[in-house]
Amino acid sequence: MKIIAFGGSNSQYSINKKLAIYAANKFNNADIEVLDLNDFAMPLFSVDVEKEIGQHPKAKAFLRKLAGADILVVSMAENNGNYSVAFKNVFDWCSRIEKDVFQHKPLLLLATSPGARGGASVLEIATKLFPRYGAEIKASFSLPSFNANFDVEKGEISNRELKEQLEALIKSNF
């Protein structure tokens, strides 16, 4: 089983990428590929730029990566209650090539933040919007207060209750 995992942020220290990697590694017998949104940086999407350059090759490459997956593990970064600009730009370019960006792949949708809400706003937005773009959301999970509940050195959720909750979601939905 091939899993594509990524955090919806372009930060080199992305806590959402850390969470996505952790969650992807909870699947048994998985071949995991972690994407970095920095590898898919493109000009800010606009119809004028699209008219000038056409479909961006990095958007096509991102879609090919998703197409090769059996399961997607995506952890959304929250910026001012919404998607990060880095994710939104990749998403916008891709959706102009293929409306069903997520290509009807089973998706584990995650979010975390340093705050107590754990990216709840962006998770709510993504849960409502992603199915319109071909996401088959099987489960979603918010990790609140990342710094208090995730051991960065060990690369794992340190709060036993939250750890068990995520593991149960994966086991029962995938």
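Residues numbered from 1 in each chain as written. Predicted model: local features only at pLDDT ≥ 70, side-chain atom pairs only at ≥ 80, totals over all residues. Heavy atoms only, no water.

> Lay out the sheet that holds strand β1 (residues 2-7) in plain terms, naming residues and giving numbers.
Ordered by their spatial adjacency, five strands build an open sheet running β2-β1-β3-β4-β5, and the pairing between neighbours is parallel. Each of the sheet's edge strands pairs with one partner strand only, and the pair in question is β2 (31-35) and β5 (135-143). Taken over all neighbouring pairs, the strand axes of this sheet differ in orientation by 20 degrees on average, direction set aside. Note: β1 against β2, five bridges, orientation parallel. Bridging from a neighbouring strand, I3 pairs with I32 of β2. (Pairing = 2+ DSSP bridges. Helix = DSSP H or I, 4+ residues; strand = E, 2+ residues; numbered from the N terminus. Axes fitted to C-alpha atoms, helices over the stretch in contact; angles between N-to-C directions.)

> Explain the packing of aromatic side chains residue by residue, including any values.
Summed over all chains, the structure comprises 15 aromatic pairs. Their ring planes at 25 degrees and their centres at 6.2 Å tell us that F91 and F130 sit as a pair that is stacked. Taken together, the residues F91 in helix α4 (residues 85-97) and F130 in the loop between α5 (120-129) and β5 connect sequence positions 39 residues apart. Of the two residues, F91 and F130, both sit in the buried class. Linked through ring pairs, F6, F40, F62, Y83, F87, F91, F102, F130 and Y133 together constitute an aromatic cluster. Seen from the ring of Y133, K99 lies directly overhead, with NZ or CZ sitting 5.1 Å from the centre. (Phe/Tyr/Trp six-rings, centres within 6.5 Å; stacked < 30°, edge-to-face > 60°. Buried < 20%, exposed > 50% of the residue type's maximum accessible area, 1.4 Å probe, protein only. Lys NZ or Arg CZ within 6 Å of the ring centre and 35° of its normal.)

> Give me the lowdown on the side chain of K105, citing residues and values where you can.
Position of K105 relative to the elements: it lies in strand β4 (residues 105-112). One buried charge, K105, has no salt-bridge partner; the nearest side chain with opposite charge is D70, at 5.8 Å. A polar atom in the side chain of K105 sits 3.0 Å from the backbone oxygen of A67. Once you skip the residues sitting within four places of it in the chain, K105 turns out to touch L66, A67, A69, L72, G134, A135 and E136. (Lys, Arg positive; Asp, Glu negative; His and termini not counted. Salt bridge = Lys/Arg side-chain N within 4 Å of Asp/Glu carboxyl O. Polar contact = N/O pair within 3.5 Å; in protein donor to acceptor, adjacent residues only side chain to side chain. Contact = heavy atoms within 4.5 Å.)

> Break down the pairing of β4 for me, with residues and values.
With seven of its eight residues buried, β4 lies for the most part within the structure. Looking at chain direction, strand β3 (residues 71-76) and β4 are connected through five bridges and run parallel. Within β4, the residue paired with V74 across the bridge is L109. Crossover handedness for the path β3 to α4 to β4: right-handed. With eight bridges connecting them, β4 and β5 associate as parallel partners. Across the sheet, L108 pairs through a bridge with A139, a residue of β5. (Right-handed = clockwise from strand over helix to strand, strands pointing away.)

> Residue-level account of the pattern of salt bridges, with values.
Scanning the model with the defined rule gives 10 salt bridges in all. Between K65 and E33 there is a salt bridge, and its shortest N-O distance comes to 2.6 Å. Linking K65 in helix α3 (residues 57-67) with E33 in strand β2, this pair joins segments that are 32 residues apart in sequence. Taking the relative accessible area as the measure of exposure, K65 reaches 33% and is therefore partly exposed. A salt bridge links D92 to K88, with the nearest nitrogen and oxygen atoms 2.6 Å apart. In this pair, D92 and K88 are both assigned in helix α4, four residues apart and thus about one turn of the helix distant. In this structure D92 comes out as buried when scored by relative accessible area, which is 19%.

> Can you explain the nonpolar core? Please cite residues and give values.
In a soluble, globular protein the nonpolar side chains are often hidden away together inside. In terms of nonpolar packing, the biggest core is built from 34 residues, with F6, F62, M76, F87, F102 and F130 touching the most fellow members. Contributions of two or more residues to this core are made by β1, α3, β3, α4, β4 and α5. The element that contributes the greatest number of residues to this core is α4, accounting for six residues. Of all hydrophobic cores here, the second largest spans 22 residues; its members include A5, L19, L143 and F150. (Core = buried A, V, L, I, M, F, W, Y, C linked by side-chain atoms within 4.5 Å.)

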